Amino acid sequence: MQEYPEDGQGQMSQAHHGSQYFVPKKIFQARTSLEGESVEPTILALGHKVSKTAAGFVVDLEMIIVPVSTFFNTFEDLRHRAGESGIQFTASSIVFSNLMPNSLREKSGGQMVYTVPLIVFMDDVSGNISKQWNKHHVIYVSNGLLP
């Protein structure tokens, strides 16, 4: 494992390169425009800054947003480099080590994992005054990603 920071030329790793460590929680697209002009969407990550100490990695609980284009290595790359000793977290940050890598990512066999929000609506449309007989329910499910 390399102990000295590298000049990443504007890029950072998820958990390695000097003081520029990051653990992403969510990845999303956003149009970042300062003056209302139309620009191409940028892929951003919401997550936690991480610092390396002698006791291990310490994860800051405050969440920040950074461009994904600044990532240099994946968690798997870093774990492979660390070898048998593994990537160690401090006691206050141990919960993050249990979340990496994402269990859905492992189940997908390395394929991209997407989250699709579903809008579920249910209505009792029996029309009877007494709800005791002839119950009839309608359930509607809509893909929240569609316009």
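Here the structure is shown first, and the text comes after it.
These numbers come from a predicted model, not from an experiment.

Parameters at a glance
- Every residue gets a number counted from 1 within its own chain, in the order that chain's sequence is written.
- Given that this is a predicted model, residues contribute local features only at a pLDDT of at least 70 and side-chain atom pairs are listed and counted only at 80 or more, while totals for whole chains, interfaces and linings are drawn from all residues.
- Water and hydrogen atoms play no part in the side-chain values, which are based on all heavy atoms of the structure.
- Whether two strands pair comes down to DSSP finding at least two bridges between them.
- Secondary structure elements follow DSSP: runs of H or I no shorter than four residues count as helices, runs of E no shorter than two count as strands, and numbering proceeds from the N terminus.
- Fitting a line to C-alpha atoms yields each axis, with helices limited to the stretch in contact; the angle taken between N-to-C directions then spans 0 to 180 degrees.
- Residues enter patches when they are more than 30% accessible in relative terms and free of salt bridges; like-charged ones are connected within 9 Å and nonpolar ones (Val, Leu, Ile, Met, Phe, Trp, Tyr) within 5 Å.
- Surface accessibility in these figures is a Shrake-Rupley result with a 1.4 Å probe; residues are shielded only by whichever protein chains are displayed.
- Salt bridges are counted wherever a side-chain nitrogen of Lys or Arg sits within 4 Å of a carboxyl oxygen of Asp or Glu.
- A 1.4 Å probe rolled over the protein chains alone gives each residue an accessible area, and that area as a share of the maximum for its type sets the label: buried under 20%, exposed over 50%, partly exposed in between.
- Here a residue-residue contact requires only that any non-hydrogen atoms of the pair lie within 4.5 Å.

Novice: What should I look at first to understand the sheet that holds strand E1 (residues 21-30) in this one?
Specialist: In spatial order, the strands read E1-E2-E3; together these 3 strands make up an open sheet with antiparallel pairing. Because the sheet does not close on itself, it has two edges, and the strands there are E1 and strand E3 (56-67). For this sheet, the mean inter-axis angle between neighbouring strands, taken without regard to orientation, is 15°. In this structure, E1 lies alongside strand E2 (residues 42-53), joined through 9 bridges in antiparallel fashion.

Novice: Which parts of the structure should I look at to understand a nonpolar patch on the surface?
Specialist: Taken together, the side chains of Met112, Tyr114, Val116, Leu118, Val120, Met122, Ile139, Val141 and Leu145 make up a nonpolar region of the molecular surface, amounting to roughly 1,000 Å² of accessible area. Only strand E4 (118-124) and strand E5 (137-143) provide two or more residues apiece to the nonpolar patch. The element best represented in the nonpolar patch is E4, accounting for 3 residues. Tracing the backbone shows Met122 in strand E4. Given the relative accessible area of 52%, Met122 is considered exposed.

Novice: I keep staring at the side chain of Ser93 and nothing clicks. Help me out?
Specialist: In this structure, Ser93 sits in the loop between helix H1 (75-82) and helix H2 (94-98). Excluding residues within four positions of it along the chain, Ser93 makes contact with Phe57, Val58 and Val59.

Novice: Please clarify how the side chain of Thr90 should be interpreted in this entry.
Specialist: Mapped onto the fold, Thr90 is located in the loop between H1 and H2. What makes Thr90 buried here is its relative accessible area of 12%. Discounting residues that sit within four places of it in the chain, Thr90 has contacts with Thr53, Ala55, Gly56, Phe57 and Val58.

Bear in mind that shape data such as this cannot, by itself, settle questions of function.
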